[in-house]
Amino acid sequence: MLKGERVELRPIKENDLKNFLKWFNDMEVTRYLISYLPMTEASEKKWIEETTAKREPVFVIETRNKKGHATAIGACGLHRVNHKDGNAEMGITIGEKIFWGQGFGFETLTLLIDYGFNFLNLHKISSGSYEPNKGSIKLHQKLGFVQEGKRKEHAFSNGQYLDLIEFGLLREEWKESK
Ligand SMILES: CC(C)(COP(=O)(O)OP(=O)(O)OC[C@H]1O[C@@H](n2cnc3c(N)ncnc32)[C@H](O)[C@@H]1OP(=O)(O)O)[C@@H](O)C(=O)NCCC(=O)NCCS
């Protein structure tokens, strides 16, 4: 469990399935994600089982109200962790849209990146944002990610081809930015 001021990151539980189905079937949420086909209960269950079996560091993002009641608002994780090269790929989805634009993404990724560098002993974290995803680009820049490249017209979404901005963050850069 990773604890911040307003968010906690915890492992996935069996009853998270309904939230995942809601989030990953919302086309406003998935618009700039790799996941684009309708998410069935069976496929989501399989993804959760496989992720759990692989023991990938994937977390559900929770926030508590004043009465202490926890609400799951999204998920995040470090994927394809490569222990030889010390790198991984970061992902985040805040599926509850009313929580967008309030700093939850920044706090979540700060906890996740700290965990990646200080507990998993990573050397580098990679990530990417599609060009129109202004919130995601700003979030990466705010966290200190450096743009390493741009894959032109790399994906198709909602009637247009999108450029993919590739980001990287080294442990030293993270330490310096803090
Ligand atoms: C992208 C996402 C993770 C951002 O999380 P968030 O909690 O809304 O972001 P934050 O509130 O922490 O914002 C970080 C910065 O980006 C800015 N920002 C957020 N949304 C923005 C938007 N739509 N347009 C412009 N700037 C935006 C914020 O103002 C903030 O900058 P500031 O501190 O200088 O004001 C969230 O919107 C999301 O999960 N979207 C759906 C899935 C997705 O696209 N995931 C990312 C894949 S790479």
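Let me sum up the structure you'll find in this document. None of these values were measured; they are calculated from a predicted model.

**Topic: the pairing of strand β6 (residues 124–130)**
Link 1 in the chain: Pairing of strand β5 (residues 87–94) with β6 involves 3 bridges; the strand directions are parallel. Each bridged residue has a counterpart across the sheet, and for Glu 89 the counterpart in β6 is Ser 126.
Link 2 in the chain: Looking at chain direction, β6 and strand β8 (residues 160–170) are connected through 7 bridges and run antiparallel. When the bridges of β8 are listed, Lys 124 appears paired with Leu 170.

**Comments concerning the packing of helix α4 (residues 104–118) against helix α5 (residues 134–143)**
Link 1 in the chain: At a minimum axis separation of 10 Å, α4 and α5 run at an interaxial angle of 50°. Judged by the inter-axis angle, α4 sits oblique to α5. Here α4 runs over α5; the crossing is right-handed. Taking contact as the criterion, the partners of Gly 105, Phe 106, Leu 109, Thr 110 and Ile 113 in α4 are, on α5, Leu 139, Lys 142 and Leu 143.
Link 2 in the chain: Residues belonging to the contact of α4 with α5 are distributed by class as follows: 5 nonpolar, 2 polar and 1 charged.

**Comments concerning the sheet that holds strand β2 (residues 7–10)**
Link 1 in the chain: If you trace the 8 strands from one edge of the open sheet to the other, you get β1-β2-β3-β4-β5-β6-β8-β7, paired in mixed fashion. Taken across any chain shown, the strands that pair with only one partner, and hence form the sheet edges, are β1 (2–3) and β7 (146–157).
Link 2 in the chain: Note: β2 against strand β3 (residues 58–64), 4 bridges, orientation antiparallel. Looking at the pairing, Arg 10 lines up with Val 60 of β3.
Link 3 in the chain: Sheet strands in contact with α4 are β1, β2, β3, β4 (70–82), β5, β6 and β8, and its direction is about 155° off that of β5.

**Brief notes about the site of the ligand**
Link 1 in the chain: Close contacts around the ligand come from 20 residues, with Ile 94, Gly 101, Gly 103, Gly 105 and Lys 142 the closest.
Link 2 in the chain: Ile 94 is positioned such that a nitrogen or oxygen atom in its backbone is 2.7 Å from an oxygen atom of the ligand.
Link 3 in the chain: In isolation the ligand exposes 930 Å². Once the protein is present, 73% of that is buried.
Link 4 in the chain: Elements with a minimum of two residues in the shell around the ligand: β5, α4 and α5.
Link 5 in the chain: For the shell around the ligand, the element with the most residues is α5, which contributes 6 residues.
Link 6 in the chain: Of the residues assigned to the shell around the ligand, the class counts are 8 nonpolar, 9 polar and 3 charged.

**Quick word on the nonpolar core**
Link 1 in the chain: Ranked by internal contacts, the top residues of the largest apolar core, which has 29 residues, are Leu 9, Leu 78, Met 90, Leu 112, Ile 113, Ile 125 and Phe 145.
Link 2 in the chain: Elements that contribute at least two residues to this core include exactly β2, β3, β4, β5, α4, α5 and β8.
Link 3 in the chain: No other element matches the 7 residues that α4 contributes to this core.
Link 4 in the chain: Residues in contact with Leu 112, not counting those within four places in the same chain, are Leu 9, Phe 59, Cys 76, Gly 77, Leu 78, Met 90 and Gly 91.
Link 5 in the chain: Ranked by size, the runner-up nonpolar core spans 12 residues in total, among them Trp 23, Val 60, Ala 72 and Ala 75.

Quick notes on the rules
Per chain, the residues get numbers from 1 upward, laid out in the order the sequence is written. In keeping with the model being predicted, local features are shown solely for residues with a pLDDT of at least 70 and side-chain atom pairs are shown and tallied solely at 80 or more, while totals for entire chains, interfaces and linings include all residues. Remark: hydrogens and water are excluded; side-chain values derive from all non-hydrogen atoms of the structure. Only when DSSP finds a minimum of two bridges between them are two strands counted as paired. Where helices and strands are cited, they refer to DSSP runs of H or I of at least four residues and of E of at least two residues respectively, numbered from the N terminus. Only the stretch in contact is used when a helix axis is fitted, and all axes are lines through C-alpha atoms; the angle between N-to-C directions ranges over 0 to 180 degrees. Throughout this description, any angle smaller than 35 degrees is read as roughly parallel, any larger than 145 degrees as roughly antiparallel, any in the 65 to 115 degree range as roughly perpendicular, and the remainder as oblique. Left-handed is the label given to a crossing in which the near helix is rotated counterclockwise from the far helix by less than a right angle, and right-handed is the label when the rotation is clockwise. The contact criterion used is simple: two residues touch if any of their non-hydrogen atoms lie within 4.5 Å. Under the scheme applied here, ten amino acids are nonpolar (Ala, Val, Leu, Ile, Met, Phe, Trp, Tyr, Cys and Pro), four are charged (Asp, Glu, Lys and Arg), and all others, including Gly, are polar. We define proximity as follows: a residue is near a molecule or strand when any one of its heavy atoms falls within 4 Å of that partner. Whenever two N or O atoms come within 3.5 Å, that pair is a polar contact, provided that in protein one can donate a hydrogen and the other can accept it, and provided that, for residues adjacent in sequence, both atoms are side-chain atoms. Accessible areas in this description were obtained via Shrake-Rupley with a 1.4 Å probe; residue shielding takes into account the shown protein chains only. By nonpolar core is meant a set of buried Ala, Val, Leu, Ile, Met, Phe, Trp, Tyr and Cys residues that side-chain atoms within 4.5 Å join together. Think of it in three bands: residues with accessible area under 20% of the maximum for their type are buried, residues over 50% are exposed, and the middle band is partly exposed, with areas taken using a 1.4 Å probe on protein chains only.

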